Every structure is written in C-alpha cells, then in structure tokens.
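Structural overview
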Amino acid sequence: MGKINGSQAIIKCLQEEGVNTIFGFPGGAVIDLYDELLDSGIKNVLVRHEQGAVHAADGYARVTGEVGVALLTSGPGATNGVTGIATAYLDSIPIVVLTGQVPTALIGNDAFQEVDIVGITRPCTKHNYLVKEAKDLVPTLREAFHVARTGRPGPVLVDLPKDVVATMIKFPEKTPIRMQTYQPTYEPHMGQVEKACKAILKAKRPVLYVGGGVILSNSNEELTQLAKRLNIPVTMTLMGLGGFPGTDPLSMGMLGMHGSYTANMAVSKSDVLIAVGARFDDRVTGRVDAFAPNAKIIHIDIDPTSISKNVKVDIPIVADCKHALTAMNSWLDQAKDLNEDEIKTKHEPWLANINEWTEKHPMGYTNEGETIKPQFVIETLSKLTAGDAIITTEVGQHQMWTAQFYKFNRPRRWVTSGGLGTMGYGMPAAIGAKMAFPNETVIDVAGDGSIQMCIQELATAKQYGCPIKIAILNNNYLGMVRQWQELFYDKRYSGTIMEVTPDFVKLAEAYGAVGLRATKTSEVEGVIKKALATDNTVIMDFTIAREEGVFPMVPAGKATTEMLLV
Amino acid sequence: MKHTLSVLLQNKPGVLSRVTGLFSGRGFNIESLSVAETLDESVSSLTLVTRGDDAIVEQITKQLHKLIDVIKVTDISEGEFVEREMVLIRVKAESNTRAEVLRVIDIFRGKVVDVSPKSYIVEVTGSTTKIKAIIDILKPIGIKEIVRTGTVAMARASKS
C-alpha cells in the first residue's frame, strides 16, 4: 500500500472505529484535517463554541454507548473544550477529543494559538497524548479509542501537531491492542461474589444503591433480575436513573441531597447495602459517618480507586457491573437449598416499612391555581412523552425536579452532568443525542440561567435540522443558589437575581426556531403538545413559581436522615 | 505513618508530571522523590516517600496504579527494605575547624569530594536518620549549602 498523509490516516482511524459523526470547530492548526473531512463521509457538526462540541460528543456517547468524538483547533479551541472534557471525566463518559497543535518545531515557543493542552487536561482526562512523530499517529489513535471505551470509561485527548498531521505515512495494519500497563479487571473474584450473595441472603433490610456504572456497563437487566428475584428495594443516584425502572414498585427513586425521603431513610436503616457502579459521592452520602451506619457494605466497581475511597467497604468486588451481577445471579441460580420465595417473604416487613415512609412523605408538591409549579411541568412532560423521551438537563433546580419527577424506565434516556455539574451542558448534549437518534424525542430541560451558558448552539441545532425541544423553567433567578441563600443565608440574594433575561420566545425566533410561552398552569399541557408536534427546534418558556424550592433537601454536611421536607 | 513506595513507570515525557500532578491534585504529600532509568531504558524507577494513614496510602497506591503509564506500585515499607540517601554538604572549614570537620566526616564514613581554602564539599550516604544526624552535628560548625538526592529504596530479598 502506498503512503497517505496524516489527515487521511486520522480519517481512516475514525472510520475503523465506526465514527460517523464528529462535533467540532476549525482553525489554523486543524485546517488540513478539515479539508480531508469534507470528502470523508464523516459528518462534521459545526458548533458555535468548542464547549458545545465536547458536550455534544458527550451526549452522543451517553445515549449510544459509543465513543463520541470532538475535533478542536489549538490554543483557545482546545481550552474552550476543557469544561466539556472535565464534565465527561467526572461522569466517566467515553469521548475522544482531537486537538490541533502548532508544528512540533514551534512547541514551547509561545507560538500563535499554542497552549500546552496535554498539560492542562492531564488531571481531567483518563489519559492524553501528544503525538510527536508521524509513525505514532495511528497506533496512538487506536489506543486512545481503546482507553476511552474500556474499563471505567472516560475522555481521552490526542494533541496533533500540524506537521505530524501533514507527514506522509504508511497506514499500519490493525492488530489487537495490548497495553502492558492497562488491563482493567472485568471478571469478579468468585470468592467475593459468594461472600456478597451470602450476605444478601442473610439480610433483613437490604438496599440496592445503583450508580452510573450500571448504565455505562449496560447491566440494567442483570440488576433488575437480582432486585426482583429477592425483592430488594432499589435507589438510584442521579447518574443511575434509568438503571432500574422508575415506575417499578421496588424503585425508591433517587437518594442523596435531593433524594426521596424513602430512599434516604431506607439506606440509613439498611443492614446490607449493595452499591453497584456508584462511588459514594458527597451529594449521596451527606455526612459520611452517618451514611448507612448499620449496614454491611458490598461494593461492585470496575475502578479499584472507588472502593473504600469515601466509605469503608466490607465486601469489595472489583469488576465490570455486568459481569459481577451475572456472576451473582448465576451463583443464586446454583445455590442449593435456596428458596427464593422464602427470601422474598422475609423481606415483606421491610418493604412494608418502606411503603410507610413513602405514604408519610411522598415525593410531591402543591399546585397553586394558575401559578405554574415546575414539578407540574416535568410531570406533564413525563406524561405526554410516556416517560420515554431522551431528556437532557442543565444544572440546578430544574435538573433536580426532572430527576425527581420524570420517571425513567430505560437506561441511556437521561443525560445530565452529575459529577462536574456543568451549566450549559444540556442543549449541546441534546444536539449530540438527537444526531445519534434523529427519530427520538429529545428534550433539554433548562433553567433561565443555565440555558444562556451555551445558548449559541441554537444555531447549530438549526443548521443541522435538529428539532430538539428546550423547556425553560424560568424564575428569573439562579434558583439553586437562591434556594441555599433563602435557607442558609437569611434570604440575602447575592448575585442570584437575573434582572435581565432575554425574551426567549423572540430569541428562538431570531434563530429561526419556534418560541412558545406558558404563564399559567392551564397553558402548560397545550404548549408541550404543540412543541412535540412541531418539526422544528422549539423553546418553551415556562414562567414558574419564582421561589419554589427543591425538596426534600439534605443540607450540605448533614446526615441524610436530617432532611428538610418542603 | 511514613511509607516508601517503589513505582515502575514508562520512561516517556510527561509521566513524572502525571505522578506529581496526582499528588498535588488529590492533596497527598510527597516527602521525597527520586527517579531514574532502570536497566531497561524504556522503564523508569521512582522511589517516593509519603505520609498518611492506611486508608490514604491505599488510595495513593490505587490512584498511582490507575495512571496508564504506571507499570507497578509496591509499598516496600510493608516489608523489610533498604533505604539510602546521599547528601552533598558545603561546610565551613577554616583553619580552626578543619580537623573537627574531618573527624566528624570520618565517623559518618563520609568523603571530602572538594576542597577550597574556606570550605569542603562533603558526600555522605545513608539512611535518612543518618543524614539528619550528620547535618545536626555539622550545623554548629557552619553549613553553607546542602543538596540531598531524596531516598532510594529496595525491598530485601526473602531470607529463606
């Protein structure tokens, strides 16, 4: 085979990996690559800000389970992408970010649009590379995809100096990737599996605590099987929503700072807590020493660093969740003298206890005439989309209301920035999701603050005929911070009042999208129906009860049983 | 508690920065760090001395292992091990103290590696305790400058 240039080699690598859509923004350092892209058959989605490119690639990855790809130029192009990269890193999302770099001879010279992006992103990527020699280009890209998608997934950045990309090279044959220093553990230790199963069978008050690992490893079915065969109630983290059907009677909804009363009480009273692909984040545990104080803790995670990081674990299982849950289910299948019905019956008093908590403090809100309650908007969205739309969010109150009131029954329908908490994430992520599944309904639930952080991507949505729907819960506040100020800072609203917000209906129209507004409860359903029936990008602007809060709430640093209820 | 970790790394640009970045980013501390190539020039060996309770050191070990360029992490202070550090000391050595300095160096089995009219450069190798001891003794005489290598360490072979 003859030689090809580096750009052609990169395109071939992308095709080899099955990439058909990338999100990017061109510039001098990647102009050669963009030139090759034009005839490659790979769709380039031109965003309006590089942060949007990385979020879109991330949204694409979350809904498909494939590796999302972003292509940015050097310098500011690369630095603008950093928030997106950190967002993907904190939520373990597999993306590959390609950045242009100045020619190797200029590296370190403070050249035009030069920045040490490998240095900058070292702490917020799973791994990153600077390709200094053309012969390393193809092996590095293959390794980058491998690292991004295997083990605990994460973002990988590959920095591509302009001269390297212009060099003629022979395209090497694809050989299996073997990395001496990187071999994630997929299979669980059977001794640990047995210990875990025995502990679960002995439990009187077991709880499954499910995180994003279940989504990432596609193990929702194995999890559901385990929960149902033994009647174990399930609570999910923000990232784990959709990992277990939200409408199932065993589902207690989300736990943690804005979790349900039931979920937090159940965890705190449990005697065996089975953490699956979750990482005991501070928003989940509250005060750590009061978290599940009486429980024997089983923890399944593919990343050994997650185990006993925040909470001491009694039975660790380092493995992919799918492999571990499969092993547990087959151990139970083969267990002699195991009467599953007996175990189910044994759990009945515990489930009755749980139901009492739910009856006492259900997840709810009070409608107040024509003043729109945000929770009502989310419930109506859930109803009108049969709980099966792809929902993305920004970060803040609207995000929590969505997590509380939209009932996700399937994985990979819920796309939200959990770990980093990135405002501005939702709309570009919705574009990425819609690009992956053009026939699905994709809705970004936003606040009036968050939506303005990446509002420019409305143009991207329009340019690519991407009829996403954006539901803004508009209270003219940075509502979550305002809520903290109301509760803990004597209502001193410092920096949280949005005195000027654009007219979102006119703004939508300015971009060629459709703008709809509801100011009364009775208008909500009509607006949502109209938006869903419109084959265009739509902004729905809901004027909501201004000082509505998100409840229950566990104040930061308190025990999860010390919830503020409405 | 003090722990001495021996870490094998790929000898590539930026790898050391991944290690030190991990320590600063996660709030772990480094008491000393020493790194050089091994017999295999594609692999570097790093000796790192850190402090922390068992949970912290467990996290440090796991986090180091998670770095893609890290080949192996051993907490060698868990077993028997040998540790050495070298120090170069520029010590004041004028006519009235020269003899005393030489005596001290002799006791510590050090060497004078450079002589000038007013000072010596002294080389001493040993455990961290020994290095500290000679520094304490020479201080009153007058230490002008000091450079330490940081600890290098190796696990002892099993005796059986």
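Residues numbered from 1 in each chain as written. Chains lettered and ligands numbered in written order. Predicted model: local features only at pLDDT ≥ 70, side-chain atom pairs only at ≥ 80, totals over all residues. Heavy atoms only, no water.

- Looking at an unreviewed UniProt entry, one finds chain B named Acetolactate synthase small subunit, with Candidatus Desulfatifera sulfidica as its source organism.
- The record in UniProt for chain B states the following under Sequence similarities (unreviewed entry): "Belongs to the acetolactate synthase small subunit family."
- Under the heading Subunit (unreviewed entry), UniProt records this for chain B: "Dimer of large and small chains." (UniProt positions renumbered as here; feature names shortened; annotations may be inferred.)

- The name that an unreviewed UniProt entry assigns to chain A is Acetolactate synthase, with the source organism given as Candidatus Desulfatifera sulfidica.
- The UniProt entry for chain A carries the following text under Catalytic activity (unreviewed entry): "2 pyruvate + H(+) = (2S)-2-acetolactate + CO2".
- Of the comments in the UniProt record for chain A, the one headed Sequence similarities (unreviewed entry) reads "Belongs to the TPP enzyme family."

1. A closer look at the pattern of salt bridges
- One pass over the full model with this rule turns up 36 salt bridges over all chains.
- Salt-bridge contacts for A:R287 lead to A:D289; the nearest nitrogen and oxygen are separated by 2.9 Å.
- Owing to a relative accessible area of 60%, A:D289 belongs among the exposed residues under this scheme.
- Across the salt bridge formed by B:R148 and B:E85, the nearest N and O atoms sit 2.8 Å from each other. (Salt bridge = Lys/Arg side-chain N within 4 Å of Asp/Glu carboxyl O. Buried < 20%, exposed > 50% of the residue type's maximum accessible area, 1.4 Å probe, protein only.)

2. A short note on the sheet that holds strand β7 (residues 155-161) of chain A
All names here are of chain A.
- Taken together, the six strands give an open sheet; going across it, the order is β3-β2-β4-β5-β7-β6, and neighbouring strands pair in parallel fashion. Strand pairing shows two members of the sheet lacking a second neighbour, β3 (43-46) and β6 (127-130), which therefore form its edges. Taken pair by pair, the neighbouring strands of this sheet meet at an average axis angle of 20°, ignoring direction.
- In terms of strand pairing, strand β2 (residues 21-25) meets β3 through four bridges, oriented parallel. Across the sheet, the residue bridging to I22 is N44, located in β3. (Pairing = 2+ DSSP bridges. Helix = DSSP H or I, 4+ residues; strand = E, 2+ residues; numbered from the N terminus. Axes fitted to C-alpha atoms, helices over the stretch in contact; angles between N-to-C directions.)

3. Some thoughts on the sheet that holds strand β2 (residues 32-37) of chain B
All names here are of chain B.
- Strands sit in the order β2-β3-β1-β4 across an open sheet of four strands; the sheet is antiparallel. Single-partner strands in this sheet number two, and they are β2 and β4 (70-75). Between one strand axis and the next, the sheet turns by 15° as a mean value, whatever way the strands run.
- With six bridges connecting them, β2 and strand β3 (residues 43-51) associate as antiparallel partners. Bridging across to β3, S34 finds its partner in T47.
- Sitting on the sheet, helix α1 (residues 15-25) touches β1 (2-10), β2 and β3, and the angle it makes with β3 is about 15°. (Contact = heavy atoms within 4.5 Å.)

4. Some words on helix α12 (residues 261-269) of chain A
- Of all nine residues that make up α12(A), eight are buried, and the element is covered over most of its length.
- Among the residues of α12(A), A:Y261, A:T262, A:A263, A:N264, A:M265, A:A266, A:V267 and A:S268 are the ones counted as buried.

5. As for the interface of chain A and chain B
- Every contact between the two is made by 17 residues of chain A and, on the other side, 14 residues of chain B.
- When the area that chain A buries against chain B is broken down by residue, the three leading residues are A:R122, A:T181 and A:T305, summing to 43%.
- Linking chain A with chain B are one salt bridge, by the criterion used here.
- The interface formed by chain A and chain B contains seven residue pairs in polar contact (both at pLDDT 80 or more).
- Residue classes in the side of chain A that touches chain B are distributed as six nonpolar, six polar and five charged. (Buried area = accessible area lost by both parts, 1.4 Å probe. Polar contact = N/O pair within 3.5 Å; in protein donor to acceptor, adjacent residues only side chain to side chain. Nonpolar A, V, L, I, M, F, W, Y, C, P; charged D, E, K, R; others polar.)

6. Overview of the UniProt feature "domain: Thiamine pyrophosphate enzyme central" (unreviewed entry) in chain A
- The positions UniProt marks with the feature "domain: Thiamine pyrophosphate enzyme central" (unreviewed entry) are residues 193-327 of chain A.
- From the first C-alpha to the last, residues 193-327 of chain A spans 7 Å; its make-up is 34% helix and 20% strand.

7. Some remarks on the packing of aromatic side chains
Residue and element names in this part refer to chain A.
- Under the defined criterion, the tally for this structure stands at eleven aromatic pairs over all chains.
- For the pair Y406 and F408, a centre-to-centre distance of 4.7 Å together with 40° between the ring planes defines the contact as tilted. Taken as a pair, Y406 and F408 share a single burial class, namely buried.
- Between the aromatic rings of W484 and F488, the centroid separation amounts to 6.2 Å while the plane-to-plane angle is 90°, which identifies the pairing as edge-to-face. With a gap of four residues between them, W484 and F488 both fall in helix α21 (residues 479-488), about one helical turn apart.
- Taken together, the ring pairs in this structure connect Y209, F280 and F291 into an aromatic cluster.
- Geometry around F171 places K12 over its ring, the cationic atom sitting 4.6 Å from the centre.
- The ring of Y477 has R482 lying over it, and the distance from NZ or CZ to the ring centre is 5.3 Å. (Phe/Tyr/Trp six-rings, centres within 6.5 Å; stacked < 30°, edge-to-face > 60°. Lys NZ or Arg CZ within 6 Å of the ring centre and 35° of its normal.)

8. Here we look at the UniProt feature "domain: Thiamine pyrophosphate enzyme N-terminal TPP-binding" (unreviewed entry) in chain A
- Those places that UniProt annotates as "domain: Thiamine pyrophosphate enzyme N-terminal TPP-binding" (unreviewed entry) correspond, in this numbering, to residues 5-119 of chain A.
- Secondary structure content for residues 5-119 of chain A is 43% helix and 19% strand, and the end C-alpha separation is 27 Å.

9. Section: the pairing of strand β9 (residues 206-210) of chain A
Residue and element names in this part refer to chain A.
- Most of β9 is tucked away, with five of its five residues classed as buried.
- Neither face of β9 is left uncovered, since the one carrying P206, L208 and V210 and the one carrying V207 and Y209 both have all their residues buried.
- When β9 meets strand β12 (residues 272-276), the two strands line up parallel, connected through five bridges. Across the sheet, Y209 pairs through a bridge with A275, a residue of β12.
- Bridge count for β9 against strand β10 (residues 234-236) is three bridges, and the pairing is parallel. Residue V210 lies in a different strand from β10, and its bridge partner there is M236.

10. Thoughts on the layout of surface pockets
- Put simply, the second largest pocket is a space of about 1,100 Å³.
- Around the second largest pocket sit 37 residues that line it, and A:Y89, A:D303, B:Q63, B:K66 and B:L67 are the ones nearest its centre.
- Secondary-structure elements contributing two or more residues to the lining of the second largest pocket are α5 (82-90) of chain A together with α1 and α2 (54-66) of chain B.
- Broken down by element, the residue count for the lining of the second largest pocket peaks at five residues, all from α1(B).
- Classifying every residue of the lining of the second largest pocket gives twelve nonpolar, 15 polar and ten charged. (1 Å grid on protein atoms, 1.4 Å probe; cavity = no way out; pocket = protein on both sides within 12 Å on 5 of 7 lines; lining within 4 Å. Points joined across faces, edges and corners; volume = space filled by probe spheres on them.)

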